[in-house]
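# Inside the fold
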Amino acid sequence: MRPRLRYYQREFRTAVAAMIESEQIGGHVSGLAKTRRTDRWWIEPLWTALGFLGFVIYSNWAAFQGEHYWHAAYLSPFYSPVLFVDLTATGAAPLQHAWFGLWPDQLRAIWPTGLPTSPAWLILAGPLAFRATCYYYRKFYYRAYFMTPPGCAVGGREQKKYKGETFLFLFQNLHRYTWYIAVAYIAILSWDAFIAFWGNGEVFTGQLGIGVGSIILLINPILLSMYTFGCHSCRHLVAGKLNCFSCGTIPQARYSLWERVTKLNENHMFWAWVSMIWVGFTDFYVRMCSMGVFTDFNTW
Ligand code: FES
């Protein structure tokens with residue numbers, strides 16, 4: 001009996017080993033981009049990789065220009081807020097729209113040679129930090145660029161030693177704080193949109209009117225709000241640490257707010273892309289008007 005039992009045990013082990021080797025049961029197929037999925041899983045990482053790369057190239061190019069970021073009453077969002085202005089630049093914002101006036105000599109003295117005195121460099125870190133640490137962006141760049149892995153149930157890039165979110169990735173934990181920066185930017189861009197309805201940007205003293213650019217600048221903070229207020233951190237902020245949603249007026253109000261934030265959160269990826277593309281488009285429109293390529297139709 002015993003030899004027969006050993007025989008069956010050996011047979012069983014051999015069969016299991018063979019099945020595992022031929023990958024007929026469980027597990028994943030190993031190797032980069034190897035998968036048993038039959039759908040076109042690679043489309044999403046591909047379009048997100050190319051789309052974001054396009055945005056990075058355009059935004060860097062626009063920030064490098066240092067000019068043509070103002071037209072009539074319109075300010076490009078890549079340059080807002082204008083902390084210091086260099087009035088020698090073509091299409092620069094008027095002096096009264098610079099928070100701290102002219103570009104200071106001290107800053108000019110330490111400014112890297114060859115880098116235009118562009119106000120964009122002074123403010124882009126805020127929105128960049130918010131987007132770079134966003135949970136959706138993290139998902140997309142881990143898939144599209146790092147390939148760790150490129151999709152669900154798809155083989156990823158081989159990592160010798162998995163370190164998790166350590167070292168530089170620790171900064172991603174700052175996302176909840178960058179959210180406040182993003183909210184401040186929405187307030188600033190909303191003010192820019194308000195200014196865009198006054199001829200020459202002279203609030204209350206200029207002529208009240210409307211142009212195509214006014215509408216474009218107005219849509220910008222609205223889309224950014226949809227993205228920012230659908231943030232996972234915002235969801236936690238409005239209703240986190242509550243044990244009972246129905247106990248009292250304030251918990252109920254927080255619950256109702258949470259439901260609204262959750263609605264936005266369900267489409268977070270959509271708002272992330274639409275708002276990002278619109279920011280780029282707004283800069284493009286203001287730039288083209290400032291360069292005289294586009295004519296802004298308006299009531300002034
Ligand atoms: Fe995307 Fe916070 S998780 S903005």
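A brief report on the enclosed structure follows.

### Details of the layout of surface pockets
What the largest pocket holds in volume is close to 620 Å³. Residue lining of the largest pocket: 27 residues in total, with F55, L124, P127, L128 and R131 positioned closest to the centre. Secondary-structure elements contributing two or more residues to the lining of the largest pocket are α2 (43–65), α4 (120–123), α5 (125–133), α6 (135–146), α7 (175–195), α8 (212–228) and α11 (268–290). Partitioned by chemical class, the residues of the lining of the largest pocket number 22 nonpolar, four polar and one charged. Approximately 390 Å³ is the volume attributed to the second largest pocket. If you go around the second largest pocket, you meet 15 residues; those closest to its centre are Q159, Y162, K163, G164 and F169. Among the residues making up the lining of the second largest pocket, the classes are represented as six nonpolar, four polar and five charged.

### Considerations on α7
Counted at 1.5 Å a residue, the expected span for α7 with its 21 residues is 30 Å, and the 30 Å between its end C-alpha atoms agrees. Among the structural elements, β2 (74–75), α4, α5, α6, α8 and α9 (232–239) are those in contact with the buried residues of α7.

### Some points on α9
Residues of α9 that are buried: S233, C234, V238 and A239. Buried residues along α9 sit against α7, α8 and α10 (249–266). Downstream of α9 by one or two residues, K241 has phi in the positive range, about 60 degrees.

### Some words on empty space enclosed by the protein
Counting across every chain of the model gives one cavity of 30 Å³ or more. In this structure, the largest cavity encloses a volume near 40 Å³. Every residue along the wall of the largest cavity is listed here: L75, P77, L189, D192, L217, N220, P221 and T282. Among the elements of the structure, α7 and α8 are those that each provide at least two residues to the lining of the largest cavity. Class assignment of the residues belonging to the lining of the largest cavity gives a composition of five nonpolar, two polar and one charged.

### Considerations on the packing of aromatic side chains
Each pair of aromatic rings is reported with the distance of its centres and the angle of its planes. Throughout the structure, instances matching the rule amount to 39 aromatic pairs. Ring centres of Y141 and Y142 lie 5.5 Å apart, and the angle between their planes is 80 degrees; this geometry places the pair in the edge-to-face category.

### Focus on the nonpolar core
With 44 residues, the main nonpolar core has Y69, F78, V82, Y136, Y137 and Y227 as its most contacted residues. Every element with two or more residues in this core is listed here: α2, α6, α7, α8, α9, α10 and α11. Each residue touching F78, except ones within four places of it in the same chain, is listed here: F55, Y58, S59, A62, A120, I123, L124, V279, G280 and D283. The next biggest cluster of nonpolar side chains, apart from the first, holds nine residues, and it includes I216, L217, Y285 and C289.

### A few points about the packing of α7 against α8
For the pair α7 and α8, the least separation of the axes is 8 Å and the interaxial angle reads 160 degrees. The angle between α7 and α8 falls in the class roughly antiparallel. The handedness of the crossing between α7 and α8 is left-handed. For the pair α7 and α8, contact is made by W179, A182, V183, I186, L189, S190, D192 and A193 and by L217, L218, N220, P221, L224, S225 and T228, respectively. Each residue belonging to the contact of α7 with α8 can be placed in one class, and the counts come to 10 nonpolar, four polar and one charged.

Criteria and thresholds
- Residues numbered from 1 in each chain as written.
- Predicted model: local features only at pLDDT ≥ 70, side-chain atom pairs only at ≥ 80, totals over all residues.
- Heavy atoms only, no water.
- 1 Å grid on protein atoms, 1.4 Å probe; cavity = no way out; pocket = protein on both sides within 12 Å on 5 of 7 lines; lining within 4 Å.
- Points joined across faces, edges and corners; volume = space filled by probe spheres on them.
- Helix = DSSP H or I, 4+ residues; strand = E, 2+ residues; numbered from the N terminus.
- Nonpolar A, V, L, I, M, F, W, Y, C, P; charged D, E, K, R; others polar.
- Expected span 1.5 Å × (residues − 1).
- Contact = heavy atoms within 4.5 Å.
- Buried < 20%, exposed > 50% of the residue type's maximum accessible area, 1.4 Å probe, protein only.
- Phe/Tyr/Trp six-rings, centres within 6.5 Å; stacked < 30°, edge-to-face > 60°.
- Core = buried A, V, L, I, M, F, W, Y, C linked by side-chain atoms within 4.5 Å.
- Axes fitted to C-alpha atoms, helices over the stretch in contact; angles between N-to-C directions.
- Parallel < 35°, antiparallel > 145°, perpendicular 65-115°, else oblique.
- Left-handed = near helix turned anticlockwise from the far one by under 90°.

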